[in-house]
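# Secondary and tertiary structure notes
In case you want the letters, here they are:
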Amino acid sequence: MGLTDFELALRIGVFLGVFAALASWEQLAPARQLKLARAQRWGANLGLALVSTLVVRVLVPGSAIAVAMVAADEGWGLFNRLQAPAWLAFLGAVVLLDLIVYLQHVLFHSVPLLSRLHAVHHADPDFDLTTGIRFHPIEIVLSVLIKLAAVAVLGAPVAAVLAFEVVLNATAMFNHANVSLPAWLEPWVRRFLVTPDMHRVHHSVIEAERNSNYGFCLSLWDRLLGTYTPAPRGELDIGLADWRDRRIIATLPGTLGMPFR
Ligand SMILES: [Zn+2]
Ligand SMILES: [Zn+2]
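Fair warning: this is a prediction, and the values are worked out from it, not measured in the lab.

So, about the packing of aromatic side chains. One pass over the structure, following the stated rule, counts three aromatic pairs. Aromatic side chains Phe 15 and Phe 19 sit 5.7 Å apart centroid to centroid with 45° between the ring planes, which places their arrangement in the tilted category. Here Phe 15 and its partner Phe 19 are both found in helix α1 (residues 3–28), four residues apart, which amounts to about one turn of the helix. A residue is classified by how much of its surface remains accessible, and Phe 15, at 25% relative accessible area, is partly exposed. On the accessibility criterion, Phe 19 (15% relative accessible area) is buried. Relative to Trp 42, the ring of Phe 19 has its centre 5.5 Å away and its plane inclined at 75°; by these criteria the two rings are edge-to-face. Of the two residues, Phe 19 is situated in helix α1 and Trp 42 in helix α2 (residues 38–59); the sequence distance between them amounts to 23 residues. One aromatic cluster is present, formed by Phe 15, Phe 19 and Trp 42 through successive ring pairs. Sitting over the face of the ring of Trp 188, Arg 191 holds its NZ or CZ atom 4.4 Å from the ring centroid.

Here is the structure:
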C-alpha cells in the first residue's frame, strides 16, 4: 500500500469513526434542541462537503502530502533549511499549521468578499457535527491553496502534514458537535483544545461574539491574540440574522448560490 492509499484509508477511517461516535453522542445527550430536522440540514451540509471534495479533486493538482515530499527532496522551507531535528520539525509544523488555519479564519471574517463565502458556514441555523464540514466549495479550494503554500514555506514533514490533516478534520467535527463535555472536564480540555462550548459562541447571531473564538484545534491562539470569549453574554442564538430562509440556508442549491445573491 503506497502512502497515497494509506492516507486515503486513514482519512476515510478516522472520518467515519469520529462521525459515528459524535452522531451517537448527539443523539443520546444533545446540548441544545435543534430548530430544523436533522434530515433537512444534513442533506445540505453533507452535500456541500461532497461537492467540495469533488471540486478540489478536479481543480487542485497534487496534495499537501505531495508538496511536503517535494519540499523534503529539494530542501525547501523553514524546517528543511534549518535541518531541524525530526521531533522539532514535526511538532513545530503541526502547531504552526494550526496558527495559519486560525489566521485564515480571521481573514475570512474581515475581508468582505471572503466573508460572503464564509457566511455559508455561519448561516446554518443549528450547530452540530455536520456544521463542521459545511463550507462553500470556493472557500475549501482557497483553504487548500493556502495550506499547500504553508506546507511549502514551512517545509513541513510529511508525517506532520498527515497528522495535522487527520487531527484537524476530527477536531472540526468535534468542536461543532451538539454536545457538552462534563462540567468538571470541560475547563481542563479547553485549556488546550477548542471545545464545542467554546466554538458554539463563534456561531452566535451577535456580531461581537461571532468575531471571536476563531480557533479550530488549539485554544491557545484566541487567548494569546485577544479573541477569546469564554461564554455567550445571554441566551445564545445560532445563525445569521440576515439569512433565515430555509430554502436557501438548508438546501444544497441554496447554499451553493448564497455568495452570489
Ligand atoms: Zn467563522
Ligand atoms: Zn464553525
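Glancing now at the coordination of the zinc ion (ligand 1). Only His 105 (NE2), His 109 (NE2), His 118 (NE2), His 122 (NE2) and His 202 (NE2) from the protein reach the zinc ion (ligand 1) as donors, at distances of 2.1 to 2.2 Å. For the zinc ion (ligand 1), the donor residues sit on a single chain with the sequence spacing H-x3-H-x8-H-x3-H-x79-H. Taken as an interatomic distance, the gap from the zinc ion (ligand 1) to the zinc ion (ligand 2) is 5.4 Å. Here His 105 is found in helix α5 (residues 86–110), whereas its partner His 118 is found in helix α6 (residues 112–122), with 13 residues between them in sequence. For His 118, a relative accessible area of 3% puts it in the buried group.

Right, let's talk about the environment of Ala 156 for a bit. Tracing the backbone shows Ala 156 in the loop between α7 (137–154) and α8 (158–174). Put simply, Ala 156 and Cys 217 are 61 residues apart on the chain and 18 Å apart in space, counted from C-alpha to C-alpha. When residues no more than four places from it in sequence are discounted, the contact partners of Ala 156 are Ala 68, Ala 93, Val 151 and Val 161.

This next bit is on the coordination of the zinc ion (ligand 2). The coordination sphere of the zinc ion (ligand 2) contains the protein donors His 121 (NE2), His 176 (NE2), His 199 (NE2) and His 203 (NE2), at a distance range of 2.1 Å. The sequence pattern formed by the donor residues of the zinc ion (ligand 2) is H-x54-H-x22-H-x3-H. For His 121, a relative accessible area of 0% gives the class buried.

Below, the discussion takes up α2. Relative to the 32 Å expected for 22 residues at 1.5 Å per residue, α2 spans 31 Å between its end C-alpha atoms, a close match to the ideal helical length. When α2 is considered as a whole, its buried residues turn out to be Arg 41, Trp 42, Ala 44, Asn 45, Gly 47, Leu 48, Ala 49, Ser 52 and Val 56. Of the surrounding elements, those touching the buried residues of α2 are α1, α6, α7 and α14 (252–257).

The next point concerns unusual backbone geometry. The phi dihedral of Gln 83 falls on the positive side, at around 50°, and the residue is not glycine. Overall, the relative accessible area of 70% leaves Gln 83 in the exposed class. One non-glycine residue, Asn 213, lies in the positive phi region at around 50°. Among the structural elements, Asn 213 can be located in the loop between α11 (207–210) and α12 (220–224). Residue classification places Asn 213 among the buried positions, given a relative accessible area of 0%.

Calculation notes
Residues numbered from 1 in each chain as written. Chains lettered and ligands numbered in written order. Predicted model: local features only at pLDDT ≥ 70, side-chain atom pairs only at ≥ 80, totals over all residues. Heavy atoms only, no water. Phe/Tyr/Trp six-rings, centres within 6.5 Å; stacked < 30°, edge-to-face > 60°. Helix = DSSP H or I, 4+ residues; strand = E, 2+ residues; numbered from the N terminus. Buried < 20%, exposed > 50% of the residue type's maximum accessible area, 1.4 Å probe, protein only. Lys NZ or Arg CZ within 6 Å of the ring centre and 35° of its normal. Donors = N, O, S within 2.8 Å, 3.2 Å for Na, K, Ca; no water. Contact = heavy atoms within 4.5 Å. Expected span 1.5 Å × (residues − 1).

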